[in-house]
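So the chains spell out like this:
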Amino acid sequence: MKLSSVDYYLDWPASINLKNLRGFIISNLEQKGDLIRWSIVDIQNSSDSFGTKKLRIKAVLAN
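Residues numbered from 1 in each chain as written. Predicted model: local features only at pLDDT ≥ 70, side-chain atom pairs only at ≥ 80, totals over all residues. Heavy atoms only, no water.

Q: Account for the overall build of the protein, with residues named and values stated.
A: Across its full length, the protein carries one helix and three strands. In sequence order, the protein lays out its α and β elements as β-α-β-β. For the protein, the residues scored as buried account for 25% of the 63 residues in total. In the protein, 58% of the contacts between residues at least 6 apart in sequence involve partners at least 24 apart. Total accessible area on the protein is roughly 4600 Å²; 49% of this is exposed by carbon and sulfur atoms. For the protein, the separation between the mean place of its 9 positive charges and that of its 6 negative charges on side chains is 4 Å. (Helix = DSSP H or I, 4+ residues; strand = E, 2+ residues; numbered from the N terminus. Buried < 20%, exposed > 50% of the residue type's maximum accessible area, 1.4 Å probe, protein only. Contact = heavy atoms within 4.5 Å. Areas by Shrake-Rupley, 256 points an atom, 1.4 Å probe, with all protein chains shown as cover. Lys, Arg positive; Asp, Glu negative; His and termini not counted. Charge placed at Lys NZ, Arg CZ, Asp CG, Glu CD.)

Q: Describe the sheet that holds strand E1 (residues 3-12), naming the residues involved and giving the relevant values.
A: Across a sheet, paired strands are connected by hydrogen bonds in the backbone, their directions being either parallel or antiparallel. Taken together, the three strands give an open sheet; going across it, the order is E1-E3-E2, and neighbouring strands pair in antiparallel fashion. Two strands in the sheet have a free side with no partner beyond their single neighbour: E1 and strand E2 (34-45). Adjacent strand axes in the sheet meet at a mean angle of 20°, parallel and antiparallel pairs treated alike. Where E2 and strand E3 (residues 53-62) come together, ten bridges link them in antiparallel fashion. Following the sheet pairing, Trp38 is matched in E3 by Ala59. Packed onto the sheet, helix H1 (residues 18-29) meets E1, E2 and E3 and runs at close to 130° relative to E1. (Pairing = 2+ DSSP bridges. Axes fitted to C-alpha atoms, helices over the stretch in contact; angles between N-to-C directions.)

Q: Break down the side chain of Asn28 for me, with residues and values.
A: Along the chain, the position of Asn28 falls in helix H1. The buried category is assigned to Asn28, whose relative accessible area is 16%. Of the polar contacts made by the side chain of Asn28, one reaches the backbone oxygen of Phe24; its length is 2.8 Å. Aside from chain neighbours lying at most four places away, what touches Asn28 is Tyr8 and Leu10. (Polar contact = N/O pair within 3.5 Å; in protein donor to acceptor, adjacent residues only side chain to side chain.)

See the structure below:
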């Protein structure tokens, strides 16, 4: 088993509320590999008018 650390950027649309954010992040990260752990490192407001935010996530994946 090979472990890899990734720095991943993800758009958080305004349609995803806070209760559903964990599932949204996990479903996106699982497309990259087997998820071991993850954490939100930074949240930035986007300059668009849709209210999206940009999440910076550090994750450890197993391949």
